[in-house]
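# Coordinates in review
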Amino acid sequence: MAAEFVPVDPFDLVIFGGTGDLARRKLLPALYHRDQDGQFSDDSRIVAVSRQDMSDEQYAQWVREVLEEHLPDKELDNEVFSRFQSRLAHIQLDVDDEAGWKAFSERFDDNGRIRAFYLATAPSLFGKIANGVADAGLVDDRARIVLEKPVGHDYESAREINDAVGARFAESQIYRIDHYLGKETVQNLIALRFGNSLFEPVWGRQAVDNVQITVAESLGVDERFDFYEATGALRDMVQNHMLQLLCLAAMEPPASMNHDDVRNEKIKVLRSLKPITPQEVHKVTARGQYAAGMIDGKAVPAYGAANKKEQAPAEDAEAETFVAIKAEIDNWRWQGVPFYLRTGKRMARKSSQIVVEFKPVPHSIFGEEPLQPNRLVLRLQPEEGVEMSIMTKEPGPGGFRMRSLPLNLSFSQAFEVAYPDAYERLLMEVLRGNPALFMRRDEVEAGWQWIDRILESWRLEQVEAQEYMAGSWGPTDAFVLLDRDGRRWHDN
Ligand code: NAP
């Protein structure tokens, strides 16, 4: 069965930050692929905005080089690119410069097309850009605005951004990106849970022992040191990606796939998260920072070595590059079932997954044969897939030996399609006007409220990041955190 591609209505997609890293690595390759599959009408346009003095032709040439570098297998097709190139334009604008907005607005006519403004810039510019496009008369019922993460640095700053953008766009027109929600496996989690009767009776405290959500990267911080030092793993990864994954794994069945039905269930989970207080922060969180180590046989430097500022010794670096948390959801379904969250840089390997571990059988009839509890594993990286581990008998006449085997539930072979990049799906959802895979204002703010309590508890209790060796699975505290509960992390 081949994938179906439904064309989207004619659009002007305006990318603020169209020359930045995100545009280069993710947005432009994603748009090229969707154009390649014939999803765009002939008159749809992609307009990049940046402060650089670049003509449309120069921008198109730059995009060609970017695609040659970033498309998988360097697969640029000249015919497809010539169509893609005809859509591209570049507008020079410093969004801080009020005078520049007039010339900007003149590049658009009242053409009735969908207008999507994608804000791939620092969040400090979000309010200004929302004002700029609204004052330029470019916001009508068909307009929408996409906010890249992070929306804010804490609850207060998130509210300020939401207020500023919300003053010019209705909530239904605001698309807050969390690209994890665009991953096929994450959507498969919804399909598995709510498209099969098999899982519902075992999805809760009666049958689930614990849930583990891991987002591990083998890459380090390198040039992003300044950003990371001001942010840390808790804000960068947990507030958005990991809490969204937790919500989808834990939420009640929504009334429908309608965006607000799904988001109404997610917000209930966020509001049920037990706050982490200073009294227990040492027990239920682990904070780490990578030291030098080896990954794939190569020596890699410590986090602090990426600090390029003069007179800033490496040991002054403070941010956590690893965090583990025992999260508890205070509701009927999940009472007593811990959700262990773990994310880190420079870990042994890149691996992101949700593991739902079921309770062990109440009594084994197999004597000394070891039995492992069933596990449902949703793998997000490096390759997406879904597996259920089940106990089976090893074939052969030599006695009754039990083995745990993974049952492949991802069906990617049945569909014969490569999983598209999350940004391809999310960009199409923006253009189609479906905000189901994006975060609503209350979700973002509730997430920050929970995270702010942890940050405050760390501050009050002076919890410092504990060193872990690059190439390991995190600091000792992360292992102790599960050890205390008689459990262990699933590393693969
Ligand atoms: P970046 O490489 O620094 O790019 C920033 C872009 O914004 C550039 O195109 C820059 O163009 C433009 N810009 C900056 N100031 C401007 C101004 N005053 N007026 C007009 N344009 C301006 O940043 P990035 O890595 O692409 O990240 C962009 C946003 O996405 C950030 O919020 C980031 O946190 C988020 N994000 C990035 C990634 C990623 O993988 N990179 C992943 C997730 C989220 P000029 O300097 O040429 O004007």
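Attention in this report is confined to the structure presented alongside it. Since the structure is predicted, the reported quantities are computational estimates derived from the model, not experimental observations. (Residues numbered from 1 in each chain as written. Predicted model: local features only at pLDDT ≥ 70, side-chain atom pairs only at ≥ 80, totals over all residues. Heavy atoms only, no water.)

### Considering the site of the ligand
What counts, and what does not: If even one non-hydrogen atom of a residue comes within 4 Å of a molecule or strand, that residue is called near it. As used in this structure description, the phrase polar contact means that two N or O atoms lie within 3.5 Å; if the pair is within protein, one of them must be able to donate a hydrogen and the other to accept it, and residues adjacent in sequence are counted only when both atoms belong to side chains. All accessible areas in this document rest on Shrake-Rupley with a 1.4 Å probe, and a residue is counted as covered only by the protein chains that are shown. Strands are runs of DSSP state E lasting at least two residues, helices are runs of H or I lasting at least four, and both sets are numbered from the N terminus onward. Polar here means any residue outside two lists: the nonpolar Ala, Val, Leu, Ile, Met, Phe, Trp, Tyr, Cys and Pro, and the charged Asp, Glu, Lys and Arg; Gly therefore counts as polar.
What surrounds the ligand is a group of 22 residues, the closest being Thr19, Asp21, Leu22, Arg25 and Arg51. Within the backbone of glycine 17, a nitrogen or oxygen atom sits 3.5 Å from an oxygen atom of the ligand. Here the ligand, which alone exposes 890 Å², has 76% of that area covered by the protein. Ranked by residues supplied to the shell around the ligand, first place goes to helix H1 (residues 21–36) with three residues. Within the shell around the ligand, the residues separate by chemical class into eight nonpolar, seven polar and seven charged.

### Some details on the pairing of strand S4 (residues 114–119)
As a reminder of what qualifies: The cut-offs for exposure are 20% and 50% of the maximum accessible area for each residue type, with area from a 1.4 Å probe on protein chains only; residues under the lower value are buried, those over the upper are exposed, and the others partly exposed. Two strands are counted as paired when DSSP detects at least two bridges linking them.
Among the six residues that make up S4, six are buried, leaving the element largely enclosed by the rest of the structure. By the alternation rule, side chains of S4 split into Ile114, Ala116 and Tyr118 and Arg115, Phe117 and Leu119, which are all buried. Bridging between strand S1 (residues 11–16) and S4 involves six bridges; their strand directions are parallel. From the neighbouring strand, phenylalanine 16 faces S4, where its bridge partner is leucine 119. In the sheet, S4 pairs with strand S5 (residues 143–147) via five bridges, with the strands oriented parallel. Bridge pairing in S5 links tyrosine 118 to valine 146.

### Considerations on the sheet that holds strand S6 (residues 174–176)
We apply this condition: Axis definition: a line fit to C-alpha positions, over the contact stretch in the case of helices; interaxial angles, taken between N-to-C directions, run 0 to 180 degrees. Residue contacts follow a heavy-atom distance rule, with two residues in contact if any of their heavy atoms lie within 4.5 Å.
The strand order across the open sheet built from six strands is S3-S2-S1-S4-S5-S6, with neighbouring strands paired in parallel fashion. Looking along the sheet, the strands with just one partner apiece sit at the ends: strand S3 (88–92) and S6. Each strand of the sheet is rotated relative to its neighbour by a mean of 20 degrees, with strand direction disregarded. Running over the sheet, H1 touches S1, strand S2 (45–50) and S4 and is turned about 170 degrees from S1.

### Focus on the environment of aspartate 442
Positionally, aspartate 442 belongs in helix H13 (residues 441–460). In this structure aspartate 442 comes out as partly exposed when scored by relative accessible area, which is 24%. Remark: the alpha-carbon pair of aspartate 442 and leucine 270, spanning 172 residues in sequence, is separated by 9.6 Å. If we skip the residues at most four places from it in the chain, aspartate 442 touches Ile267 and Arg271.

### Quick notes on helix H8 (residues 225–250)
Keep this limit in mind: Bend angle per residue: angle between axes fitted to the 7 residues ending at that residue and the 7 residues starting there.
By the largest-angle criterion, glycine 232 marks the main kink of H8, which is about 90 degrees. H8 sits mainly inside the fold: 22 of its 26 residues count as buried.

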